[in-house]
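Analysis of the macromolecular model
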Amino acid sequence: SDTRYLRVRIGHVTDDLYAIFLSDVSEQRRFEAMRRDFVTNVSHELKTPAGAISLLAETIGDASDDPDAVRYFAGRVAKESNRLTELVHRLIDLQKAQSMEGVMDMHPVSVMGVVRGAIGENQVQADAKHIDIRFTLGGEPQPLDAADEPVGSTAPDEIVMGDAESLKTAVKNLVENAIHYSPEHTVVAVGVGEKDGKVTIRVVDQGIGIPAESLGRVFERFYRVDPARSRETGGSGLGLAITKHCVQECGGTISVWSREGEGSTFTIELPAATEDDLRDAGTAE
Ligand code: ADP
């Protein structure tokens with residue numbers, strides 16, 4: 001990746017004088033390569049379910065006199081087409097998150113509101129696996145409905161500058177993964193804290209964990225630790241890429257700690273809104 005690519009141009013200055021122009025096009029080359037990879041990946045991701053659907057449709061045609069088989073294959077067609085739809089939605093999310101970076105309107109956002117929304121949207125999946133989502137504010141774990149308490153003296157609300165929808169997507173994806181990659185009857189802890197002007201949102205699970213050699217890559221688009229397993233369960237490989245963009249958009253960072261067989265911890269850090277921010281913007285969303 002340290003290779004530099006130079007473009008050489010020769011310009012004619014006067015009759016017998018020429019000038020050589022060298023421009024460094026390494027960045028541009030890397031960007032083009034990334035875009036090519038992305039298109040290749042997207043095509044592959046779309047082709048797999050699309051191929052499966054046409055094969056399954058053929059099979060249904062062949063099995064038309066066996067109602068059980070028809071029902072079974074029809075179910076699989078539905079599953080594959082859901083996968084296609086899900087992937088398209090994710091691509092739209094990714095596109096949105098990428099294009100918002102740097103141009104987004106920043107508003108004061110209540111972190112509690114974001115976390116509450118993100119948990120709420122995952123509650124059904126958690127219940128289905130008997131996973132207990134616990135909300136932690138600062139130190140001790142608290143019952144989830146503590147997040148419903150009005151913002152006040154006992155539960156100071158953390159406010160950051162950003163886009164509420166975007167931050168909710170970020171946290172929602174983390175909670176979704178925590179549930180997805182954990183066995184039944186485990187705990188997912190979502191914590192919010194503030195220290196030294198930084199607001200931290202932490203999602204901790206007791207799941208399968210991520211091998212050390214994959215930790216650096218999980219935020220890449222389409223990267224999956226175990227492609228077979230992830231596709232089987234409907235993962236697009238885009239969730240964390242989207243999350244990272246959403247967080248960066250709001251001036252934050254995201255990091256991961258994990259140990260295989262023990263669990264994973266994803267930590268989002270965002271600059272807390274300053275008094276000046278709040279004065280300029282009025283009330284929080
Ligand atoms: P996917 O749609 O496959 O879940 P993500 O971008 O959300 O895609 O995550 C990328 C990969 O990182 C996943 O395929 C999975 O291997 C790994 N991963 C993400 N979150 C967790 C987690 N909480 N526990 C274990 N592995 C995880």
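What you see is a predicted model; the values in this text were computed from it and never measured. (Residues numbered from 1 in each chain as written. Predicted model: local features only at pLDDT ≥ 70, side-chain atom pairs only at ≥ 80, totals over all residues. Heavy atoms only, no water.)

Quick word on the environment of L17
Relative to the assigned elements, L17 resides in strand β2 (residues 17-24). Looking at L17, the relative accessible area reads 44%, which means it is partly exposed. As for L17 and E213, which are separated by 196 residues in sequence, their C-alpha atoms are 55 Å apart. Apart from residues lying up to four places away in sequence, L17 is in contact with G11 and H12. (Helix = DSSP H or I, 4+ residues; strand = E, 2+ residues; numbered from the N terminus. Buried < 20%, exposed > 50% of the residue type's maximum accessible area, 1.4 Å probe, protein only. Contact = heavy atoms within 4.5 Å.)

Examining the layout of surface pockets
Taken as a whole, the second largest pocket holds about 300 Å³ of empty space. Lining the second largest pocket, in full, are M34, D37, F38, N41, Q98, F219, E220, R221, A241, K244 and H245. When residues of the lining of the second largest pocket are traced back to their parent elements, those giving at least two are α1 (26-62) and α8 (239-249). Looking at the lining of the second largest pocket residue by residue, the classes come out as four nonpolar, three polar and four charged. (1 Å grid on protein atoms, 1.4 Å probe; cavity = no way out; pocket = protein on both sides within 12 Å on 5 of 7 lines; lining within 4 Å. Points joined across faces, edges and corners; volume = space filled by probe spheres on them. Nonpolar A, V, L, I, M, F, W, Y, C, P; charged D, E, K, R; others polar.)

Here's the deal with the pattern of salt bridges
Overall, the coordinates contain 13 salt bridges when judged by the stated rule. Across the pair E121 and K168 runs a salt bridge whose closest N-O atoms are separated by 2.8 Å. Highlighted residues: E121 in the loop between α3 (111-120) and α4 (123-128) and K168 in helix α5 (residues 164-180), separated in sequence by 47 residues. The closest approach of N and O atoms between E262 and R259, which form a salt bridge, is 3.8 Å. Residue classification places E262 among the partly exposed positions, given a relative accessible area of 47%. Among the charged side chains, a salt-bridge network with shared partners connects E86, R90 and E176. (Salt bridge = Lys/Arg side-chain N within 4 Å of Asp/Glu carboxyl O.)

Just geometry here; none of it tells us what the structure is for.
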